[in-house]
Structures are given as structure tokens and as C-alpha cells.
Amino acid sequence: MSIRYSQDFKDSLVKLHQEGRSLKSLADEFGPSKDSIAIWVKQATPVMIQGQSKTLKDVKQLEKRLAILEEENEILSRIA
């Protein structure tokens, strides 16, 4: 059974890691695996896309929105 952690909890651990705490110390103290925390850190790390700072989470949300808009556009083009 997998445990679901709140976004606030994940954000707190990411912040602690960014402040210098090791993945191992965070895993030992708070419970999630080092791998899980590493994924959260990666998702929260900004990347530059066309001069704008975006996180992996932002990109995933944009991709999902784009897919919805493309589907809506396809439906509308069939009607017209």
C-alpha cells in the first residue's frame, strides 16, 4: 500500500533539502523513501523554457491543458 503525502509536506521536505539536508536524513526523520524525496526535488527544480522558469509540475500541467485544448479543437473542426 502506498502512502499519499500532501503537497505541503512534499514542499517542506524539498525546502529542507534545498537548505542542505541530505535525502537520507530526511527519509530517516520523516518516513518517505530517499527516491520519493529525490523525485519531489526534481519536480520542484525550475528549468528555463524560452526564457521563463518552469518546474516539471508546471510543464505537466501545461501539457495536460494543451491535450484538452487540442481535443476540443479537433471536435470543433469536425463540426464546422
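Residues numbered from 1 in each chain as written. Predicted model: local features only at pLDDT ≥ 70, side-chain atom pairs only at ≥ 80, totals over all residues. Heavy atoms only, no water.

J.: Where do I start with the UniProt feature "coiled-coil region" (unreviewed entry) in the protein in this structure?
T.: This chain's UniProt record puts "coiled-coil region" (unreviewed entry) on residues 52-79. Annotated as residues 52-79, this span is 86% helix and 11% strand, and its ends, taken at the C-alpha atoms, are 36 Å apart. (UniProt positions renumbered as here; feature names shortened; annotations may be inferred. Helix = DSSP H or I, 4+ residues; strand = E, 2+ residues; numbered from the N terminus.)

J.: Looking at this structure, I do not really get the domain arrangement of the protein. What am I missing?
T.: Taken domain by domain, the protein comprises domain 1 (1-45) and domain 2 (49-79). Inter-centroid distance (C-alpha atoms) of domain 1 to domain 2 is 28 Å. Taken residue by residue, the interface counts five residues in domain 1 and four residues in domain 2. Taken over both partners, the interface formed by domain 1 and domain 2 buries close to 310 Å², and the fraction arising from carbon and sulfur atoms is 57%. Counting the surface domain 1 buries against domain 2, the share from its top three residues, Q7, Q43 and T45, is 78%. The interface formed by domain 1 and domain 2 includes zero salt bridges. Inspection of the region where domain 1 meets domain 2 yields one residue pair in polar contact (both at pLDDT 80 or more). With three residues, the single largest contributor to the side of domain 1 that touches domain 2 is helix α3 (residues 34-44). Here the residues of the side of domain 1 that touches domain 2 are counted per class, giving one nonpolar, three polar and one charged. (Domains from an automatic or database assignment. Contact = heavy atoms within 4.5 Å. Buried area = accessible area lost by both parts, 1.4 Å probe. Salt bridge = Lys/Arg side-chain N within 4 Å of Asp/Glu carboxyl O. Polar contact = N/O pair within 3.5 Å; in protein donor to acceptor, adjacent residues only side chain to side chain. Nonpolar A, V, L, I, M, F, W, Y, C, P; charged D, E, K, R; others polar.)

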